[in-house]
Amino acid sequence: MCGIIGYTGDNPVKDILINGLKQLEYRGYDSAGIAVYDPKTGIVIKKRTGRVAELEEAAKDVAQDATCGIGHTRWATHGGVTEENAHPHRCGSVTLIHNGIIENYKELTVEYGLKESLKSETDTEVVAALLDKLYDGDPYKAIKQAVNLLAGSFALCIIFDDQPGKIFAVRNVSPMIAADFEGGSIIASDLTAVISFSKKYFVVPEYHIITLTPDGIGVQDLKGRKVEPEYLEVNWDITSAQKGGYPHFMLKEIYEQPEALERTITPRIQNGLPDFTEDGIDDSVLKNLKNINIVACGTAMYAGMVGKSLIETRLRIPVTVEIASEFRYKDPIIDSDTLTIVVSQSGETIDTLEALRLAKHKDSKVLSIVNVKGSTIARESDYVLYTHAGPEIAVASTKAYTVQISAMYLLAARIGLVKGILSESVVKKFMTRLLSVGDIIKETLQEADRIKEVANHIKNAPDAFYIGRGIDYTMSLEASLKLKEISYIHAEAYAAGELKHGTIALISENVPVIAIASEEHVYSKIISNVREVKSRGAYVILVTSGDKSESTEVCDRQIRIPKVDSIFSVFAIAVVIQLIAYYTSDAKGLDVDKPRNLAKSVTVE
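Residues numbered from 1 in each chain as written. Predicted model: local features only at pLDDT ≥ 70, side-chain atom pairs only at ≥ 80, totals over all residues. Heavy atoms only, no water.

## Remarks on helix α1 (residues 13-24)
- The terminal C-alpha atoms of α1, which comprises 12 residues, lie 16 Å apart, in line with the 16 Å expected from a rise of 1.5 Å per residue.
- At its buried positions, α1 is contacted by β1 (3-9), β2 (31-38), α2 (52-58), β4 (68-74) and β10 (184-188). (Helix = DSSP H or I, 4+ residues; strand = E, 2+ residues; numbered from the N terminus. Expected span 1.5 Å × (residues − 1). Contact = heavy atoms within 4.5 Å.)

## Quick notes on the packing of helix α13 (residues 399-418) against helix α14 (residues 424-435)
- Packing of α13 against α14 leaves a shortest axis separation of 10 Å and a crossing angle of 170°. Between α13 and α14, the angle is such that the two are roughly antiparallel. Within the contact between the two elements, α13 uses Ser 406, Tyr 409, Leu 410, Ala 413 and Leu 417 and α14 uses Glu 424, Val 427, Phe 430, Met 431 and Leu 434.
- Of the residues in the contact of α13 with α14, the class split is 8 nonpolar, 1 polar and 1 charged. (Axes fitted to C-alpha atoms, helices over the stretch in contact; angles between N-to-C directions. Parallel < 35°, antiparallel > 145°, perpendicular 65-115°, else oblique. Nonpolar A, V, L, I, M, F, W, Y, C, P; charged D, E, K, R; others polar.)

## Considerations on the pattern of salt bridges
- Throughout the structure, instances matching the rule amount to 31 salt bridges.
- With its nearest N and O atoms 3.8 Å apart, the salt bridge here joins Glu 83 to Arg 48. Placement of Glu 83 in the loop between β4 and β5 (89-91) and of Arg 48 in strand β3 (residues 42-49) is noted, with a sequence separation of 35 residues between them.
- Take Glu 83: its relative accessible area is 38%, and that puts it in the partly exposed class.
- Put simply, Glu 256 and Lys 399 hold a salt bridge, and the shortest N to O gap is 2.7 Å. With a gap of 143 residues between them, Glu 256 in the loop between α6 (249-255) and α7 (257-265) and Lys 399 in helix α13 connect regions that are remote in the sequence. With respect to class, Glu 256 is no different from Lys 399; both count as buried.
- One network of salt bridges, in which partners are shared, links Lys 252, Glu 256 and Lys 399. (Salt bridge = Lys/Arg side-chain N within 4 Å of Asp/Glu carboxyl O. Buried < 20%, exposed > 50% of the residue type's maximum accessible area, 1.4 Å probe, protein only.)

## Concerning the sheet that holds strand β13 (residues 216-221)
- Taken in spatial order, the 6 strands of this open sheet run β5-β6-β7-β8-β12-β13, and their pairing is antiparallel. At either end of the open sheet lies a strand with only one pairing partner, and these are β5 and β13. Here the strands of the sheet are splayed against their neighbours by 25° on average, with no regard to which way each runs.
- Bridging between strand β8 (residues 167-172) and strand β12 (residues 208-213) involves 3 bridges; their strand directions are antiparallel. When the sheet's bridge partners are listed, Phe 168 is paired in β12 with Thr 211.
- Docked against the sheet, helix α4 (residues 123-134) engages β5, β6 (94-102) and β7 (152-160), running at close to 135° with respect to β6.
- Contacts from helix α5 (residues 139-149) reach β7, β8, β12 and β13, with the element oriented near 20° to β8. (Pairing = 2+ DSSP bridges.)

Following this line, the structure appears as structure tokens:
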């Protein structure tokens, strides 16, 4: 969850660390800190609670001739939001930063008599104290000993007082990438902090010690054997991680969806048919599957639910969608006839990663849908279907969600084709429609002003409800998550037919109810449900497709999306629910991109 960065080289380190932390702030913004090696005075630490801007002000007096240092932006896990708990932590001759959770920090504190050395409430400081206890002048020996004692997940960047110009790093599960370039060496938890220096990078291998020096990066395993890292090349530039004139990243990313979908879909259509040759996905695994398990968290899980709806209705193949954190702690019914599809934007989501490992242990083939090349989930999967959303900076997922849905649609079409369930002509027609979803989104974006008016009404409500039937109910689940996570309005989604079975008791005067009604075959049913809530005083916003028009007896506001088959209307609905959440949050004066208590990538349990 936390953001980490380290640099050593020829350039002033303070500005590199501060700018890097600004790029990484979406990973955590409870507090931030830096530690630099001042050639005159030694290690200098600056840290502050709050945003990186507070740290930047506090670090004005850091020497410009310091060229080696580490930085951290925190998402609090162990201990409250205080300067004492902020990273970096220093014990004796050891200064370090940490992303992850050390599960046995209490036991280590007792066993190695570390209590007197500790000033914070964090598990991280225990690691610093342990390393200082073990250190006898040999960094590699101390790190190896410490790593063998740690239980949990960790990405550590470490500076030793007597090793000027060097940064040591090691990780388990928690992400970290590194790059070297003409001006030095850099390491970070995310590409966004590295891309302005180098487009070539490598994923730090687990349980390997990395040594950054101004002249390059060394990699060795825990037995001291030198390892040559595998370099990857990023296919987007730094401008993709900047706002580009938009007031918030979230709004920019909403408007980027047509291009992201085109990058994800178009290269995978050959001769009018879905083709995964370049992805290395073997047709045999799709042809031989008997059932599918989709495992993910949050928005990615809701993308999986859209995929389930398509696959079950069009292919009649049973699909189970599981919350990753629940899946991994039960005995799921999967075997070699099951294809497990794991979905994660970052490719580092800890619960999804552990679910992947459980599925493989049960002999299920695993196909991952991820956005980050070389991520842990991608590396550990049997097959990978990369989405091409580019960097997504806002905590609330938008373009990653729609490209995940498009990946599900491509997979469904290919499965239907290789199993002989769908004919080539049917699949070609489906692909033609899929290629047009970018245009559907562009047309829907023209409704932005009308949606903004809706948000201005919702902003003062303590509660809001989404209702729908079929795939519209599935979209309602994602809609309620979006609204609650960035506007802090209590929002829930209900299957409209369940209203009379208890939930209608929650409807009170002027409470907003957003009804999604894109499915033609149940349109009259959802309108009946809308009338039920309207008659009880609800303020109703009705989302319909095509030219359907309802009177004020039915709804207070109506938002129309393009008329398309309901299975493709999900892309238009996604834009509507994203804009409702965005404009509501913005109208309340909240920090849209960085909602309280949330971070972009959940890499700890």
